[in-house]
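Tertiary structure, described
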Amino acid sequence: MTWNKRTGIAAVAMAAATALITGCGAGTASDAAGAAPVAENKPMVDKANWPKATPERGLAKGLSLPLETYMQTYQDTVTLDQASRKLQEKCMADYGIAMELPLAGVTPPPNDNDANMERRYGLTDGQAAAQYGYGLPEVLTRQVRQKMPDLTNEQVEVLTGHSKPTAPHKPGVATAAEPAPESYKGKKIHPGGCYGWAKGKLKQPASEDLEFVSELNGNSFTQSMQAPAVKQALSAWSQCMKTQGYTAPTPFEATDIVPHAEGGPASKEEIAVALAEIDCKEKTDLVAVWFAEETKIQKSQIAEHQPKLTAARTRNTAAVATATAELAG
């Protein structure tokens, strides 16, 4: 349902190292095979394509759940990632290794944080549904090609703190990497390599912080589905869908009526289902009812876990401030 930012922070050098470990060299794509090159004179990082903090149109326009205050935004994630990449490049240069990591923020997700308000309760944007059905705009599915640094085995050890794993002997069976030597050309290797050093410099928020907020976010959604008001609204929505010729107990089953063809445009049938789903939500007030019930649940969660949530937010804010200063310096 959401784009998980916990993976975003770790992507800093690990994305590069993984590509290097699996044999990708300079000039190869950092994303999926067949990724599109960047058009000439077009910026690699286009913030205009980044997700908005809150939906700007549709039935979820302006909606923001209480827990979003404690979530890491996409802009936070990019700031941390890019600052860490800069520090890693600086660290590698101290070993006499010139390296340029791919830019962060090139391929944005469809939602700003783990709440995923745009589709938390299913489709809410009729304008987008009329064009893409259940799919996403091309700008959010296009993978941008970036060059990966071409490092030797020893240089990978400096970057990651461990060796490249050897090629797996069996398909799908990864071979564990060995710890890096203590030094590289007489200079001590940092614990965790330059990646670990950069992470420590930024004092990045612990994964436990992000996981805790994400867990509460998932729990509130699950609990909200059991709220009597939501059940009643879902039943009304399902009945509305039947009047339009579709059977689905919740919006999440509606996606199975006419599955979206991956990589292709939405069919007329898919678009018809998508628009019917949104029309029925508007008629039954489903999104407003659901949002109100989940807001109550999240406010209760925050009251119960206020000290832990505040501490997590403080750590994230401090890390982003440090990263912002690093990028400005």
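Further up the page is the structure itself.
Notes on the structure in this doc start here. (Residues numbered from 1 in each chain as written. Predicted model: local features only at pLDDT ≥ 70, side-chain atom pairs only at ≥ 80, totals over all residues. Heavy atoms only, no water.)

**A word on the packing of helix α7 (residues 228-243) against helix α10 (residues 286-304)**
One way to put it is that α7 packs onto α10 with a least axis distance of 9 Å and a crossing angle of 165 degrees. Comparing the axis directions of α7 and α10 gives the class roughly antiparallel. The element α7 and its partner α10 pack so that their crossing is left-handed. Contacts between α7 and α10 involve Ala229, Val230, Ala233, Leu234 and Trp237 from the former and Leu286, Val289, Trp290 and Glu293 from the latter. Split into classes, the residues belonging to the contact of α7 with α10 amount to 8 nonpolar, no polar and 1 charged. (Axes fitted to C-alpha atoms, helices over the stretch in contact; angles between N-to-C directions. Helix = DSSP H or I, 4+ residues; strand = E, 2+ residues; numbered from the N terminus. Parallel < 35°, antiparallel > 145°, perpendicular 65-115°, else oblique. Left-handed = near helix turned anticlockwise from the far one by under 90°. Contact = heavy atoms within 4.5 Å. Nonpolar A, V, L, I, M, F, W, Y, C, P; charged D, E, K, R; others polar.)

**Concerning the environment of asparagine 316**
The topology assignment puts asparagine 316 in helix α11 (residues 306-328). Sequence separation between asparagine 316 and glutamine 72 is 244 residues, and the spatial gap between their C-alpha atoms is 7.4 Å. Contact partners of asparagine 316, with chain neighbours within four places excluded, come to Gln72, Asp76, Leu80 and Pro205. A polar contact of 2.8 Å, which involves the side chain of asparagine 316, links it to the side chain of glutamine 72. (Polar contact = N/O pair within 3.5 Å; in protein donor to acceptor, adjacent residues only side chain to side chain.)

**Concerning the pattern of salt bridges**
With the rule as written, the count across this model stands at 6 salt bridges. Aspartate 209 serves as the salt-bridge partner of arginine 315, at 2.8 Å between the closest nitrogen and oxygen. Of this pair, arginine 315 sits in helix α11 while aspartate 209 sits in helix α6 (residues 207-224); the two residues are 106 residues apart in sequence, bridging distant segments of the chain. Aspartate 209 gets classed as buried once you look at its relative accessible area, which sits at 9%. Where lysine 281 meets glutamate 277, a salt bridge forms, and the shortest distance between an N and an O atom there is 2.5 Å. (Salt bridge = Lys/Arg side-chain N within 4 Å of Asp/Glu carboxyl O. Buried < 20%, exposed > 50% of the residue type's maximum accessible area, 1.4 Å probe, protein only.)

**Focus on the nonpolar core**
The biggest cluster of nonpolar side chains holds 37 residues, and the ones touching the most others in it are Leu67, Met117, Tyr121, Trp237, Met241, Trp290 and Leu309. For this core, the elements supplying multiple residues, two or more each, are α6, α7, α9 (268-284) and α10. It is α7 that provides the largest number of residues to this core, a total of 6 residues. When sequence neighbours within four positions are dropped, the list of residues in contact with tyrosine 121 reads Leu65, Phe221, Pro251, Phe252, Lys281, Val287, Trp290, Phe291 and Glu294. Of all hydrophobic cores here, the second largest spans 14 residues; its members include Tyr95, Leu101, Tyr184 and Cys194. (Core = buried A, V, L, I, M, F, W, Y, C linked by side-chain atoms within 4.5 Å.)

**Some points on the packing of aromatic side chains**
On inspection of all chains with the given rule, the structure shows 7 aromatic pairs. Aromatic side chains tyrosine 95 and tyrosine 184 sit 6.4 Å apart centroid to centroid with 65 degrees between the ring planes, which places their arrangement in the edge-to-face category. Here tyrosine 95, found in the loop between α2 (74-94) and α3 (126-132), pairs with tyrosine 184, found in strand β1 (residues 183-184); they are 89 residues apart in sequence, far enough to count as distant. No difference in accessibility class separates tyrosine 95 from tyrosine 184, as the two residues are buried. Ring centres of tyrosine 121 and phenylalanine 221 lie 6.5 Å apart, and the angle between their planes is 20 degrees; this geometry places the pair in the stacked category. Linking tyrosine 121 in the loop between α2 and α3 with phenylalanine 221 in helix α6, this pair joins segments that are 100 residues apart in sequence. The class for tyrosine 121 is buried, based on a relative accessible area of 0%. Classification of phenylalanine 221 by relative accessible area gives buried; the value is 10%. (Phe/Tyr/Trp six-rings, centres within 6.5 Å; stacked < 30°, edge-to-face > 60°.)

**Thoughts on α7**
One full turn of an α-helix is made of 3.6 residues, so residues set three or four places apart face in the same direction. Under the 1.5 Å per step criterion, the end-to-end length of α7 is 23 Å for 16 residues, consistent within 8% with the ideal 22 Å. Buried residues of α7: Val230, Ala233, Leu234, Trp237, Ser238, Cys240 and Met241, and no others. Here the buried residues of α7 occupy an arc of 160 degrees about the axis, which is enough to place them on one side. Opposite the buried face of α7, at more than 90 degrees from it, the exposed residues are Pro228, Gln232 and Thr243. Buried residues along α7 sit in contact with α6, α8 (251-254), α9 and α10. Following α7 by one or two positions, glycine 245 adopts a phi angle in the positive range, close to 95 degrees. (Expected span 1.5 Å × (residues − 1). Arc of directions from axis to C-beta.)

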